[in-house]
Amino acid sequence: MKTVILGGGIVGVTTAYYLAREGHEVVVVDRQPGVARETSFANAGLVAPGHAYTWASPRAPKILLKSLFLKGQALRLKLRFDPRMWSWGLKFLAECSAERSRENTARKLRLCLYSQDLLQELTAQENLRYDLISGGCLYVYRDPAAFERGVAATSVLSDGGLTLQRLTPDEVVQREPSLAASRSQIAGAIFCPSDESGDAHLFSQQLAQRCEQLGVQFLMDRPITGWDHSADQIRAVHTDKGPITGDRFVLALGSYSPLLASKLGYGLPVYPVKGYSMTVPIREGDEAPTLGGVDEHNLVAWARFGNRLRFTATAEFAGYDTRHQPSDFADMLGVARQLFPRGADYGSPSYWSCLRPMTPAGAPILGATRHRNLFLNTGHGHMGWTMACGTGRIVADLLCGRKPQHSLEGLTL
């Protein structure tokens, strides 16, 4: 049976790998010239069950409201006439109660832990090299009151089996000496010793090479324009270079999944949330961090990939706009200089922006649809790197006729 995977990001590539490893014929289709060239290209790089909190929380509505009037907010809402955004927003608000937030976070954590185990297994089996750092991640707080709230919020993660440590400012510097220069600005940190970081784009490239060795065909530079289908079956997808037929299809197009799915009558609750990243070179003599982490006050994440240091920030509800200009990165650059004043060459940045495919509850949408040969693997939000191996394996199990090892509760359409 021929499986056509729509999407060559990290989610599509991991799904292809798990299917090909069992001898399935697999074709991956994407509009980009190579794999992982959009959301997976320059993301935060954190494999972080220790930061699996859902964005829909009791504090989120107030933060979004403030963003309409105050600049510099990490979570930004740009008002626009977009019925899909308003529909998604109402669903998001319905998930913002304390009870729903805790339930959704616990579900995300279980999936993240399952996926991280598979990522570590796959990395070892295939001998992948993608600037992996496995020493844990730091979640740094600037304000004592916010730090105490952050510590209290970790109960949902620790109840789920995750080990977390509370660190004083001195202990933070002991863990990450490059933060010594900003010691006076730190109230404390939460340390997750099992969290990791690595270059998702490099991982995807190497895994795609393994897929090709297993017989996977990558049809790149092929925008998908529509479907050839009946009421309950997909016969082919249309591209600008002609139709691609298959026996089964997996929709893994991230933020663009709902646009293609709408042509079949589906209303996928996935909306793009724009994020920004800045990658700077590390020179000899620079005091760059080793461990990845997040400045919780400014919601700026960082991770090191060999001789590169990446910072990511901002969640902007702005539709499908991926444009950016240097001024968009000014706040992020300021935070980077505060935390690591001698960390890297901040005068030579590479800028990027991408769209995170968010669901209101924060968990991806997996599995079967009313079209009996169409399956979903989309809506991973800001945790796609962390969740990719787990969701790829779950969908591969379903396509192989097996019950997945991980529960699908709360993860289906």
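Here we summarise the structure given alongside this text.

Each value, and the rule that gives it
- Residues numbered from 1 in each chain as written.
- Predicted model: local features only at pLDDT ≥ 70, side-chain atom pairs only at ≥ 80, totals over all residues.
- Heavy atoms only, no water.
- Helix = DSSP H or I, 4+ residues; strand = E, 2+ residues; numbered from the N terminus.
- Buried < 20%, exposed > 50% of the residue type's maximum accessible area, 1.4 Å probe, protein only.
- Contact = heavy atoms within 4.5 Å.
- Areas by Shrake-Rupley, 256 points an atom, 1.4 Å probe, with all protein chains shown as cover.
- Lys, Arg positive; Asp, Glu negative; His and termini not counted.
- Charge placed at Lys NZ, Arg CZ, Asp CG, Glu CD.
- Pairing = 2+ DSSP bridges.
- Axes fitted to C-alpha atoms, helices over the stretch in contact; angles between N-to-C directions.
- Salt bridge = Lys/Arg side-chain N within 4 Å of Asp/Glu carboxyl O.
- Core = buried A, V, L, I, M, F, W, Y, C linked by side-chain atoms within 4.5 Å.
- Polar contact = N/O pair within 3.5 Å; in protein donor to acceptor, adjacent residues only side chain to side chain.
- 1 Å grid on protein atoms, 1.4 Å probe; cavity = no way out; pocket = protein on both sides within 12 Å on 5 of 7 lines; lining within 4 Å.
- Points joined across faces, edges and corners; volume = space filled by probe spheres on them.
- Nonpolar A, V, L, I, M, F, W, Y, C, P; charged D, E, K, R; others polar.
- Parallel < 35°, antiparallel > 145°, perpendicular 65-115°, else oblique.
- Phe/Tyr/Trp six-rings, centres within 6.5 Å; stacked < 30°, edge-to-face > 60°.
- Disulfide = S-S within 2.5 Å.

Considerations on the overall build of the protein chain
No. 1: Looking only at helices and strands, the protein chain features 11 helices and 20 strands.
No. 2: The buried share of the protein chain, reckoned over its 413 residues, is 56%.
No. 3: Contacts in the protein chain between residues far apart in sequence, at least 24 positions, make up 77% of those at least 6 positions apart.
No. 4: A total accessible area of about 16,800 Å² is found for the protein chain, and carbon and sulfur atoms account for 51% of it.
No. 5: Taken as two groups, the 44 positive and 39 negative side-chain charges of the protein chain have centres that lie 4 Å from each other.

Quick look at the sheet that holds strand β2 (residues 25–29)
No. 1: If you walk across this open sheet you meet the 6 strands as β9-β2-β1-β13-β20-β19, and the pairing is mixed. Each edge of the open sheet carries a strand with a single partner, namely β9 (217–219) and β19 (365–368). Strand-to-strand twist in this sheet, taken as the mean axis angle between neighbours without regard to direction, amounts to 20°.
No. 2: Bridge count between β2 and β9: 3 bridges; the pairing is parallel. Each bridged residue has a counterpart across the sheet, and for Val-29 the counterpart in β9 is Leu-219.
No. 3: Contacts from helix α11 (residues 384–399) reach β1 (2–6), β13 (248–251), β19 and β20 (374–378), with the element oriented near 170° to β20.

So, the environment of Val-13
No. 1: Tracing the backbone shows Val-13 in helix α1 (residues 10–20).
No. 2: Take Val-13: its relative accessible area is 1%, and that puts it in the buried class.
No. 3: Note: C-alpha distance between Val-13 and Asn-43 (30 residues apart in sequence) is 16 Å.
No. 4: Residue contacts for Val-13: discarding those within four places in its chain leaves Gly-8, Val-35, Ser-204, Leu-207, Ala-208, Cys-211 and Phe-218.

Section: the pattern of salt bridges
No. 1: Counted according to the given criterion, the structure contains 21 salt bridges.
No. 2: Taking the shortest distance from any N to any O, the salt bridge between Glu-38 and Arg-31 comes out at 2.8 Å.
No. 3: With relative accessibility at 22%, the residue Glu-38 sits in the partly exposed group.
No. 4: For Arg-142, the salt bridge is made with Asp-295, and the minimal N-O distance between the two is 2.7 Å. Residue Arg-142 is found in the loop between β5 (137–141) and α5 (144–153), and its partner Asp-295 is found in strand β15 (residues 292–295); the two are separated by 153 residues along the sequence.

Brief notes about the nonpolar core
No. 1: Val-26, Leu-122, Phe-203, Val-216, Phe-218 and Trp-385 are the most contacted members of the largest nonpolar core, which totals 61 residues.
No. 2: Setting aside anything within four residues of it in sequence, one finds Phe-203 in contact with Ile-10, Thr-14, Leu-119, Leu-122, Thr-123, Leu-128, Tyr-130, Trp-385 and Cys-389.
No. 3: Counting 28 residues, the second largest nonpolar core, distinct from the first, contains Ala-189, Ile-282, Val-300 and Phe-329.

Thoughts on the side chain of His-380
No. 1: Counting through the fold element by element, His-380 comes out in the loop between β20 and α11.
No. 2: By relative accessible area, which is 4% here, His-380 ends up buried.
No. 3: At 3.2 Å, the side chain of His-380 and the side chain of Asn-377 are in polar contact.

Digging into empty space enclosed by the protein
No. 1: Applying the stated criterion across every chain yields a total of 1 cavity of 30 Å³ or more.
No. 2: There is about 40 Å³ of room inside the largest cavity.
No. 3: Lining the largest cavity, in full, are Gly-50, Tyr-53, Tyr-139, Tyr-141, Thr-154, Leu-164, Ile-190 and Glu-296.
No. 4: Here the lining of the largest cavity is composed, by residue class, of 5 nonpolar, 2 polar and 1 charged.

A few points about the sheet that holds strand β12 (residues 242–245)
No. 1: Spatially, the 3 strands line up as an open sheet ordered β10-β11-β12, and their pairing is antiparallel. Edge positions in the sheet fall to β10 (224–229) and β12, since each of these pairs with one other strand and no more. Along the sheet, successive strands turn relative to each other by an average axial angle of 30°, direction set aside.

Focus: the packing of helix α4 (residues 98–126) against α11
No. 1: Between α4 and α11, whose axes approach to 7 Å, the crossing angle comes to 85°. Put simply, α4 runs roughly perpendicular to α11. On α11, the residues that touch Lys-108, Leu-111, Cys-112, Tyr-114, Ser-115, Gln-116, Leu-118, Leu-119 and Leu-122 of α4 are Trp-385, Thr-386, Met-387, Ala-388, Cys-389, Gly-390, Thr-391, Arg-393 and Ile-394.
No. 2: Counted by class, the contact of α4 with α11 contains 11 nonpolar, 5 polar and 2 charged residues.

A word on the packing of aromatic side chains
No. 1: Counted under the stated rule, the structure contains 15 aromatic pairs.
No. 2: A centroid spacing of 5.2 Å and a plane angle of 20° characterise the contact between Trp-88 and Phe-92, whose relative ring orientation is stacked. Residue Trp-88 and its partner Phe-92 are both found in helix α3 (residues 83–94); the two are separated by 4 residues, about one turn of the helix.
No. 3: Geometrically, the ring pair formed by Trp-302 and Phe-340 is edge-to-face, given 5.2 Å between the ring centres and 70° between the ring planes. Here Trp-302 is found in strand β16 (residues 300–305), whereas its partner Phe-340 is found in the loop between α10 (330–339) and β18 (350–358), with 38 residues between them in sequence. The two residues Trp-302 and Phe-340 agree in class, both being buried.
No. 4: Each residue in the set Trp-88, Phe-92, Tyr-271 and Phe-317 is aromatic and connected to the rest through ring pairs, giving one cluster.

Looking at the state of the cysteines
No. 1: Enumeration according to the criterion identifies 0 disulfides in this entry.
No. 2: No disulfide involves Cys-96; its sulfur sits 19 Å from that of Cys-112, the nearest cysteine.
No. 3: Here Cys-137 stays free of any disulfide, with the sulfur of Cys-192 as its closest cysteine sulfur at 7.4 Å.

Purely spatial values, then, with no claim about function.
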